[in-house]
Amino acid sequence: MTRPLQTNDNAMTYQSINPNTGRLLKSYEHLSSEQLEQSLATAEATYQKWKHTTYAERAAIVHKAAALMAAHVDDFARLATQDMGKRIDEARGEVTFSADILAYYAKHGEAFLEPTKLHPKHGKAHLESSPLGVLFCVEPWNFPYYQLARVAGPQLMAGNVLVVKHAGCVPQCAIAFERLLLDAGAPVGAYTNLLISYEQSDRVIDDPRVKGVALTGSLAAGRSVAARAGQNLKKSTMELGGSDAFIVLDDADLDKTIPWAVWGRMYNGGQTCCAAKRFIVMEAVADKFLAKFKAALEALIPGDPMDGKTTLGPLSTESALLQLLAQVDAAVAGGAKLLLGGKRIDRPGWFMQATILTHIAPNNPAYRDEFFGPVVSFYRVKSEDEAIALANDSDFGLGGSVWTKDEDRGQRLASRVDSGMVFVNNLDWADAELPFGGIKNSGYGRELGNMGIHEFVNKKLVRTGHVAAPV
Ligand code: NAP
């Protein structure tokens, strides 16, 4: 027996507000208790049928969703730009990549989950991968489709079904993605968008029909949702924040490194978990690097993210902008120097100047905090060892990168960085094939690649063959 979910919070908090203008476009109410209960009941009923479908049947639907997304890139992209201010070319790129992820799992899901043969002393044994049931996913606004594709592609192929709480500022994207799967032929209840409050989210985690919880978001959200899942002894994965080091060695080719530094920090308005956030540069090239980097950031053109000529878009929400400005003020009050920017741009919308902070001492809050926007933290170091010590002196451990003409040297250093992912001479994060995730306060578990589809399946041991009972 499951008890109906209760909530007294019906505030209208799912709002699409155009970050370029500050204008409210659409509002949506939270689900009522009855609607939420109905959604969970439908998800559970659908799971009981979905788990018996063949991989081929699931793949046909997931593949169709990929094809529909690819055929309507502009429509999806426009909604992302309206909801959270992503520059339109980046939004198109995200939609295309999301379609690729769905297609990737449609193609490889079955092979990833094939039974694994084991070799015990007696008899035969294998591991089967069977689905767990209804999964609850909590997702952030910064990649409003990619984050959904990262869970929907693998988990639907694995035979699970999803109920998803997307971020409050991207309701149009959330609804469009649910519609996509329905249009692709997914049964009602296979993928359900839930417009719910935190209190309702807790009740969903507690609900016995829900068998696993995946969250991508901030440390605070991760702590709260993981604790709730833990109380319920439910498996969870956490993809949290990062403060990735961008380590420039003394032999780096700056002409190749600077464009990646700009992209690595400024892509998606600087609002990427695995963005380059701490620039750790060896003394020999530090002045030259900083001068070129500053010039490149100064050349960015703020403007309407719908305009292809804009190179500096707005932040997602006004509260995100105000928080970032306060973080920069606190850094300066704590002794950091402002080499560039640091202010709100004088125009409508949620725009912040590209900013560079230097002279950040270990006791400055900026030394440990994540800056989720166009803010560079710059450090000089004298040696490789100092670079690694600084890179690893972080509560986060998501990604990082090393820049050098000598790839062997780069790989040796990459092995010493404490994080879930390290890149040498690139920041080419985006590939459906490559597992994504971190350690320390950046979370646990992996999404994408072969690993992502194994997070929420029962690895069931089956041992066969008559063995005489011990006497
Ligand atoms: P956030 O506030 O944690 O929001 C993320 C999601 O969690 C939203 O859907 C939010 O809902 C929900 N949420 C927050 N607190 C909750 C609670 N107590 N109970 C239930 N749901 C809750 O994150 P953000 O600041 O918007 O997003 C940026 C953060 O995500 C950054 O730290 C970034 O590094 C991280 N991130 C990590 C990855 C990765 O793969 N590691 C990828 C992208 C982003 P509301 O919107 O309704 O508040």
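Please refer to the structure higher up on the page.
The present account deals with the structure reproduced in this document. (Residues numbered from 1 in each chain as written. Predicted model: local features only at pLDDT ≥ 70, side-chain atom pairs only at ≥ 80, totals over all residues. Heavy atoms only, no water.)

1. Focus: the packing of aromatic side chains
Applicable threshold: Any Phe, Tyr or Trp ring, taking Trp's six-membered ring, that has another such ring centre within 6.5 Å forms a pair; planes under 30 degrees apart are called stacked, those over 60 apart edge-to-face, and the others tilted. Each residue gets one of three labels from its accessible area relative to the maximum for its type: buried under 20%, exposed over 50%, partly exposed in between, using a 1.4 Å probe on protein chains only.
According to the stated counting rule, one finds 22 aromatic pairs in the structure shown. Residues Tyr104 and Phe112 carry aromatic rings whose centres are separated by 5.8 Å and whose planes lie at 50 degrees to one another, so their mutual orientation is tilted. Since its relative accessible area comes to 10%, Tyr104 is described here as buried. Ring centres 4.8 Å apart and planes at 25 degrees place the aromatic pair Phe246 and Trp403 in the stacked group.

2. Concerning the site of the ligand
Put simply, the test is: To be near a molecule or strand, a residue needs just one of its heavy atoms within 4 Å of it. As used in this structure description, the phrase polar contact means that two N or O atoms lie within 3.5 Å; if the pair is within protein, one of them must be able to donate a hydrogen and the other to accept it, and residues adjacent in sequence are counted only when both atoms belong to side chains. Calculation of accessible area relied on Shrake-Rupley with a 1.4 Å probe; when residues are assessed, cover is drawn exclusively from the protein chains displayed. Comment: elements are numbered from the N terminus, with helices defined as DSSP H or I runs of at least four residues and strands as E runs of at least two.
Residues in close proximity to the ligand total 28 residues, the closest being Trp141, Tyr198, Ser218, Leu240 and Glu370. In this structure, Arg150 approaches the ligand through a side-chain N or O atom, which is 3.0 Å from an oxygen atom. For the ligand, the protein covers 85% of the area, taking 910 Å² as the surface of the free molecule. The set of elements that each furnish at least two residues to the shell around the ligand consists of α5 (146–158), α7 (198–206) and α8 (219–231).

3. A closer look at α5
Test applied: To estimate the expected span of a helix, count its residues, drop one, and scale the result by 1.5 Å.
Its 13 residues place the ends of α5 18 Å apart at the C-alpha level, agreeing with the 18 Å of an ideal helix rising 1.5 Å per residue. Extensive coverage of α5 is indicated by the burial of 13 of its 13 residues. Phi for Gly159, located one or two positions after α5, is positive at around 100 degrees.

4. Some thoughts on the sheet that holds strand β7 (residues 191–193)
Stated precisely, the cut-off is as follows: At least two DSSP bridges between two strands are needed for those strands to be called paired. Throughout, a contact is declared for two residues whenever any of their heavy atoms are within 4.5 Å. Axis definition: a line fitted to C-alpha atoms, over the contacting stretch in the case of helices. Angles run 0 to 180 degrees between N-to-C directions.
Spatially, the 6 strands line up as an open sheet ordered β7-β6-β5-β8-β9-β19, and their pairing is mixed. Whereas interior strands pair on both sides, the edge strands pair on one side only; in this sheet they are β7 and β19 (443–444). Taken together, the 5 bridges between strand β5 (residues 134–138) and strand β6 (residues 161–165) define a ladder with parallel strand orientation. Residue pairing in the sheet places Phe136 in a bridge with Val163 of β6. Each of β5, β6 and β8 (210–216) is contacted by α7, which is oriented at about 150 degrees to β5, the strand it contacts most.

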